[in-house]
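# Understanding the architecture of this molecule
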Amino acid sequence: MFFKQYNLYENKLSEQLEDDNPYKKKLIQMETPTSKHPIYSTLVLGLLIYSWIFFIVLFYKQINQSALYNLKMVISTCSLIFVTFSIWVCYKKDYIADNRFIYQRNLYIIFFIATLFSIIIASLDSGNISFPEILRTFCIFCTVSEKSYISFIVLLYITLGITLSYNTCPYTVYRIFYSVNKTHKEYVNEKKFINKCIPLFCICLVAYLPLIYTTFNPAKDNFAFMIKNFSTVTLFGLIPLCTLIFQAKRYYYFFERAIKYSRRQIND
């Protein structure tokens, strides 16, 4: 949907409000780009550093193992290099809110390579593991098992998903919904468009933990096998998608509160 070509339109909702509306200042803040995103930077850099530590410990503990373990380490090494390079390319760049060709090209390349890794990782996995055991594998200092390499790869792609979720302000994300809808005219207005995406947002949140569980366990039928093949790439792809929907809804939510305030003032 958001890979469609669309014309970019401006629609700052704060300009539709009176100057005495208390929500106008809040909307102006959400429309003002900023380069300071401490939570984003902490999450990305913190998880990337932990991933490198994870890899060093994993490599040290599993070196000189069987040929299968060595193959898993090769895949882990390739994933680490790929994700680290992708983060270097995408860090603090507005990939989800920018329609320029070079960004879209890079996203296609990242998703294509990540899909290949996801299929290979799924083909190497065997053996069941419970959810509490899955949680323990994410702490490399607690235990190292045959599933630890999957935890390492999941951490990498979650970090990549957070990296791709960067946006300078909520307004730049809202502008995507407005521009796509104004270009293709699929809905009556952008509010309808955003609200149509909320169920998808909820499904993504609910499905995230089961998706992680599927990544660690063998598939029992063809449908589960298909999900497992694309589980790794889905894990990082859902994060920017949820960010898009959440930020757009958050921006429009304050506009709706501002409109309600104006109506109350008129009625009073």
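Residues numbered from 1 in each chain as written. Predicted model: local features only at pLDDT ≥ 70, side-chain atom pairs only at ≥ 80, totals over all residues. Heavy atoms only, no water.

If you tally the helices and strands in the chain, you get ten helices and zero strands. The N-to-C order of helical and strand elements in the chain reads α-α-α-α-α-α-α-α-α-α. Each principal axis of the C-alpha distribution contributes one length, and for the chain these read about 75 × 40 × 40 Å. Taking all 268 residues of the chain together, 48% fall into the buried category. For the chain, the proportion of contacts with a sequence separation of at least 24, taken over those separated by at least 6, is 81%. If you sum the accessible surface of the chain, you get close to 14200 Å²; carbon and sulfur atoms cover 65% of it. (Helix = DSSP H or I, 4+ residues; strand = E, 2+ residues; numbered from the N terminus. Buried < 20%, exposed > 50% of the residue type's maximum accessible area, 1.4 Å probe, protein only. Contact = heavy atoms within 4.5 Å. Areas by Shrake-Rupley, 256 points an atom, 1.4 Å probe, with all protein chains shown as cover.)

As a volume, the largest pocket reaches approximately 670 Å³. Lining the largest pocket we find 29 residues, and of these S165, N167, T243, F246 and Q247 sit closest to its centre. Every element with two or more residues in the lining of the largest pocket is listed here: α1 (24-31), α2 (38-62), α8 (190-216) and α10 (231-267). Sort the elements by how many residues they give to the lining of the largest pocket and α10 lands first, with seven residues. (1 Å grid on protein atoms, 1.4 Å probe; cavity = no way out; pocket = protein on both sides within 12 Å on 5 of 7 lines; lining within 4 Å. Points joined across faces, edges and corners; volume = space filled by probe spheres on them.)

All right, on to the side chain of N106 then. Mapped onto the elements of the fold, N106 is located in helix α4 (residues 101-124). Sequence-distant contacts of N106, that is, excluding residues within four places in its chain, are made with V89 and Y95.

Applying the stated criterion to the full structure yields 23 aromatic pairs. Judged by centre distance (5.3 Å) and plane angle (75°), the rings of Y253 and F254 are edge-to-face. Taking relative accessible area as the criterion, Y253 reaches 38% and is therefore assigned partly exposed. A relative accessible area of 17% places F254 in the buried class. Feature note: the residues Y171, Y174, Y178, Y251, Y252 and F255 constitute an aromatic cluster, connected by ring pairs. Between the NZ or CZ atom of K182 and the centre of the ring of Y9, over which it lies, the distance is 5.3 Å. (Phe/Tyr/Trp six-rings, centres within 6.5 Å; stacked < 30°, edge-to-face > 60°. Lys NZ or Arg CZ within 6 Å of the ring centre and 35° of its normal.)

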